Amino acid sequence: MEAKAYLRHARISPRKVQIVLDLIRNKPVEEATAILALTPKAACEPLAKLLKSAIANAENNFNMDKKNLYVAECFVCPGPMLKRIRPRAQGRAFRVMKRTSHVTMVLREKE
């Protein structure tokens, strides 16, 4: 049994999210929650909400025990890029890519 939660179109670069996901992969849920609460990264806030959502899915939809849950899989994929223009000298314009992320988190119970 596994419980999943998805975060789509998060306005943060996948590269920044990946750093935080590496910290919580294969950790128990309580430890992962503590790591996200105490890590000073921009990606921690949306990932903490995603983890809470995955825990709620596990408890309510699959009747899993919260004490036995751990973060089995978590990965990020790039979402669509918002393309913006930055004015530069002599009438030129540079393209700025504002990246988005799709994050997937999978929780499983320990045997």
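The rules behind the values
Residues numbered from 1 in each chain as written. Predicted model: local features only at pLDDT ≥ 70, side-chain atom pairs only at ≥ 80, totals over all residues. Heavy atoms only, no water. Core = buried A, V, L, I, M, F, W, Y, C linked by side-chain atoms within 4.5 Å. Buried < 20%, exposed > 50% of the residue type's maximum accessible area, 1.4 Å probe, protein only. Helix = DSSP H or I, 4+ residues; strand = E, 2+ residues; numbered from the N terminus. Contact = heavy atoms within 4.5 Å. Polar contact = N/O pair within 3.5 Å; in protein donor to acceptor, adjacent residues only side chain to side chain.

Once that is clear, we can look at the nonpolar core. Counting 27 residues, the largest nonpolar core has Val 17, Leu 21, Leu 47, Leu 51, Met 105 and Leu 107 as the members making the most contacts within it. At the level of elements, β1 (2-10), α1 (14-24), α2 (29-38), α3 (44-62), β2 (69-78) and β5 (101-109) are the ones that each hand at least two residues to this core. Among the elements that line this core, the one with the most residues is α3, at 7 residues. Every residue in contact with Leu 107, bar those within four places of it in the chain, is listed here: Met 1, Glu 2, Ala 3, Val 29, Leu 51, Ala 54, Ile 55, Leu 69, Tyr 70, Val 71 and Ala 72.

Another aspect to go through is the environment of Thr 100. Inspection of the secondary structure assignment puts Thr 100 in the loop between β4 (93-98) and β5. Among all residues touching Thr 100, those that are not within four sequence positions of it are His 9, Ala 10, Arg 11, Ile 12, Pro 14, Cys 77, Pro 78, Gly 79 and Pro 80. For Thr 100, the side chain forms a polar contact with the main-chain oxygen of Pro 80, separated by 2.4 Å.

Peptide bonds are trans in most cases, and residues, glycine excluded, mostly fall at negative phi. Even without being glycine, Asn 26 reaches a positive phi, approximately 65°. Secondary-structure assignment places Asn 26 in the loop between α1 and α2. A positive phi is found at Gln 90, a non-glycine position, where the angle reads about 60°. By the secondary structure assignment, Gln 90 is in the loop between β3 (82-87) and β4. The class for Gln 90 is exposed, based on a relative accessible area of 70%.

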